[in-house]
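Tertiary structure, described
Listed below are the residues making up each chain.
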Amino acid sequence: MQDEKDLQEKLRPAMIEGDHSFASVTDKISDVTLKKRTPFHWFIGFAIAFMVAQLLLFSVIWLLANGIGVWGNNQPVGWAFDIINFVWWIGIGHAGTLISAILLLLNQKWRTSINRFAEAMTLFAVACAAMFPLLHTGRPWLAAYWLFPYPNTMGIWPNFRSPLIWDVFAVSTYATVSALFWYVGLIPDLATLRDRAKNKYFKFIYAALSWGWRGSARHWHRYEITYLILAGLSTPLVLSVHSIVSFDFSVSQVPGWHATIFPPYFVAGAVFAGFAMVLILCIPLRHMYRMQDFITHTHLVYMAKVMLATGLIVVYGYAMEGFFGWYSASQYEVFMVKNRIWEGPYWWSYWLLIFCNGLSIQLLWFKRFRESEFWLFLISIIVSVGMWLERFVIIVTSLHRDFLPSSWAMYSPRVWDWTMFIGTIGFFFTLIYLFVRFVPIISIFEVRTLLPDANVHGHHQDFEENVNEVEYTYDRTDPPNE
Amino acid sequence: MEQNIYGIMAEFDTPTELVDAARQVRDAGYTKTDAFSPFPLHEIDEALGIKRSILPYLIFAGGVTGLLSGLGLVYFVHVFDYPIIVGGRPHFSLPAFIPPVYELTILFAALVAVFGMLFLNGLPAPYHPVFNVPRFAFATREKFFLIIEAKDPKVRLRREHEVLWKA
């Protein structure tokens, strides 16, 4: 018995460190929400994030009051910060779905302790992303009829052949399915919180949210089917979402956008940016809440490796963009490549991008950097900046000089572009802080399954000793003490 | 008092004990049984004789419904109600319709997966007789429970007490 345990530990890198039981895992994770005093740094962090989020509120009001003329985009650069930020945010969300769905299907146990907050990150990132195209319409409440197919008084319908409508369907489906997946994963943990909460109001809220979950074997049976099938549905979904986002560009004929490499290259970039954001969130989180037992060094190293792999795919994408431009033998495509890389006024953004996404990640080949939290955190931030620059390069350098030299122009963002972008970052972190405070940040029931005790052994024992207590349970009509 | 008893419940420390007990209870001929655990246990399905749920078929049906409604929507809009030529493509230009139809397929299937699961599980159910056992709060933490419901045709309470004690 002991040998078996030792062997298991040797064969499997530590996904849970320290000496844990079902109870200690439960207590450790749920105490963050239920028992421990809210730490001081939470209030500081929340206050800062919340203040920055006010910037978003103010920017949106200003935008709606004055129209999108307050932004810097104008012909020929009609898409700028709004679409850059949209693609950036939605890309960040993709790592959450990759961790929760694709790694589940691949039976990667290490996903278990990071999937909960990675999925929360997905939801919040999609919320930030969706704001940009909606607000780019200027009057979102008037834009509804060409975004969503509903019978309207004008008797017209959206054009389903347009990538922009594909985007509406992809992003809204993605947001809905991600929310469902996250919530389904939460139900058993909310039931745990319900059973452990002392505060009457918290108990009521968690009871309502857990829908009366009681851990019945029949319920678990269907639950597991749902969870697995949702993962199976989310996997093609997440790949389709960023492919469709890339269609917004590649279906058009603008040089620099019209390339078949776009869908896979965008999906890889999304996962790349998303893992960077997961690392940015989980490195401080594991220290702040002392979750090192569950989010171990092994997790960080695995994430670093995924980041390196997807980063290299992205770099391959950059190389192919250059190659496509040259091989197309179209003077516009060739010009675009030259203009983007060295002849144009935005050459610096391209080389900054190569530094952030191409060079900085090469450090991850070395164990020393992969295993250092400081370097991982730093590289993740550089990668996040790099992925933002990637969208800037793709959008701005392609649009600012297209076919007709007389319509060339420079683009520069204005203050309201920046405030809205920074505001969404504040909004994102406000939601993350609220999530950390009120919801278990790690999936408790899934971590329980990682413990060696969770395995059912085949041997027979003398079971008379195993029963702790036998009790009658009564229906409400007849309380037991009467 | 006895006619109001919902069932009889036993508590275990480990999943192995629960599964073994469940097998013995099943072999003794009880059918109205259930087990409770803080995480999913695959072995318990066989041990309690739980049949595979029809849920996957419902989800498939949901997906097919999504596919057909998607196709119906784009057909209705672009062929029937508002036929307009865009980019020289035919009214029913299927390749361009794949993305929205595909997303609707997934959306419908996912909604059926979640709400079908909750519906078949009889949730939400804020009250259930098992919650009346004070120690049942541990079912979401670390303990494992097995119940034989009083409505089981084989139940005559004294005997169950013995079966579970021996289990």
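Everything quoted here is computed from the prediction, not taken from an experiment.

Helix and strand counts for chain A stand at 17 helices and one strand. The globule rule puts the C-alpha radius of gyration for 482 residues at 23 Å, and the 25 Å found for chain A is close to it. Expressed as lengths along the three principal axes of its C-alpha atoms, the size of chain A is roughly 90 × 60 × 45 Å. Evaluated residue by residue, chain A yields a buried proportion of 45% over its 482 residues. If you take every contact in chain A between residues at least 6 apart in sequence, the share linking residues at least 24 apart comes to 81%.

Helix and strand counts for chain B come out as five helices and three strands. Each helix and strand of chain B, placed in order from N terminus to C terminus, yields the pattern β-α-β-α-α-α-β-α. Dimensions of chain B along its principal axes, counting C-alpha atoms only, are 80 × 35 × 30 Å. Sorting the 167 residues of chain B into buried and exposed places 49% on the buried side. Here the analysis covers contacts within chain B between residues at least 6 apart in sequence; of these, 77% occur between residues at least 24 apart.

A word on the pairing of strand β2 (residues 33-36) of chain B. Residue and element names in this part refer to chain B. Neither face of β2 is exposed, since Thr 33 and Ala 35 on one face and Asp 34 and Phe 36 on the opposite face are all buried. Note: β2 against strand β3 (residues 144-149), four bridges, orientation antiparallel. Bridge pairing in β3 places Asp 34 opposite Ile 147.

Let's shift gears to the interface of chain B and chain A. The partner chain A presents 70 residues to the 84 residues of chain B that form the contact. Of all the secondary structure elements, the ones that give two or more residues to the side of chain B that touches chain A are β1 (5-12), α1 (15-27), β2, α2 (43-48), α3 (55-81), α4 (94-120) and α5 (157-166) of chain B. Residue contributions to the side of chain B that touches chain A peak at 16 residues, all from α4(B). Of the residues assigned to the side of chain B that touches chain A, the class counts are 56 nonpolar, 14 polar and 14 charged.

Our focus in this paragraph is the environment of Trp416(A). Take Trp416(A): it is sitting in helix α16 (residues 415-438). Leaving out residues up to four positions away in the same chain, Trp416(A) has contacts with Ser59(A), Trp62(A), Leu63(A), Val70(A) and Trp71(A).

Grouped together as the largest cluster of nonpolar side chains are 182 residues, with contacts concentrated most on Ala125(A), Phe272(A), Val278(A), Ala22(B), Ala110(B), Phe145(B) and Leu146(B). The contacts of Ala22(B), once residues within four sequence positions are left out, are Ala35(B), Ile44(B), Ala47(B), Leu48(B) and Leu146(B).

Let us look at helix α13 (residues 347-359) of chain A. Residues and elements named next belong to chain A. Taking 1.5 Å as the rise per residue, α13 with 13 residues should run 18 Å; its terminal C-alpha atoms sit 17 Å apart, in good agreement. Looking at α13, one finds that the buried residues are Tyr 350, Leu 353, Cys 356 and Asn 357. When α13 is viewed along its axis, its buried side chains cluster within an angular range of 135° and face the same direction. Its buried side turned inward, α13 meets α11 (297-327), α12 (331-343) and α15 (373-399).

Gln75(A) connects to Pro76(A) through a cis peptide bond whose omega is 0°. As for its placement among the helices and strands, Pro76(A) is situated in the loop between α3 (40-66) and α4 (81-105). Put simply, Leu123(B) and Pro124(B) share a cis peptide bond, and its omega is 0°. Relative to the elements of secondary structure, Pro124(B) occurs in the loop between α4 and β3. Although it is not a glycine, Trp211(A) adopts a positive phi angle of roughly 60°. Although it is not a glycine, Arg290(A) adopts a positive phi angle of roughly 50°.

A few words on the confidence of the model for chain B. This prediction gives chain B a mean pLDDT of 83; 90% of its residues lie at or above 70. Under the prediction, the complex receives an ipTM of 0.86, its pTM being 0.87.

With that settled, the discussion passes to the pairing of β1(B). Residues and elements named next belong to chain B. Across the eight residues that make up β1, a large majority, seven, are buried. Sheet topology places β1 next to β3; six bridges connect them, and they run antiparallel. Paired with Glu 11 across the strands is Phe 145, a residue of β3.

About the thresholds
Throughout this document, residue positions are counted from 1 along each chain, in the order its sequence is written. To label them, take the chains in the order written and letter them from A, then take the ligands in the order written and number them from 1. Local features in a predicted model are, by the rule used here, given only for residues with pLDDT of at least 70; side-chain atom pairs are given and counted only at 80 or more, and totals for whole chains, interfaces and linings are based on all residues. Here a helix means four or more residues in a row that DSSP labels H or I, a strand means two or more in a row labelled E, and each is numbered from the N terminus. Note on method: radius of gyration uses C-alpha positions; expected globular size equals 2.2 Å times residues raised to 0.38. Exposure in this text rests on C-beta crowding, where 20 or more other C-beta atoms within 10 Å of a residue's own make it buried, 12 or fewer make it exposed, and counts in between make it partly exposed. The C-beta atoms are placed from the backbone. We call two residues in contact when the distance between their C-beta atoms, placed using the backbone, is within 7 Å. In this description, strands pair whenever DSSP reports at least two bridges between them. Side-chain classes are defined by residue name, with Ala, Val, Leu, Ile, Met, Phe, Trp, Tyr, Cys and Pro counting as nonpolar, Asp, Glu, Lys and Arg as charged, and the others, Gly among them, as polar. Any nonpolar core is a set of buried residues, restricted to Ala, Val, Leu, Ile, Met, Phe, Trp, Tyr and Cys, that join up through C-beta atoms within 7 Å. Multiplying 1.5 Å by the residue count of a helix minus one yields the expected span of that helix. For this quantity, the arc is that covered by the directions from the helix axis to the C-beta atoms. Values of pLDDT, which run from 0 to 100, indicate the predictor's confidence residue by residue.

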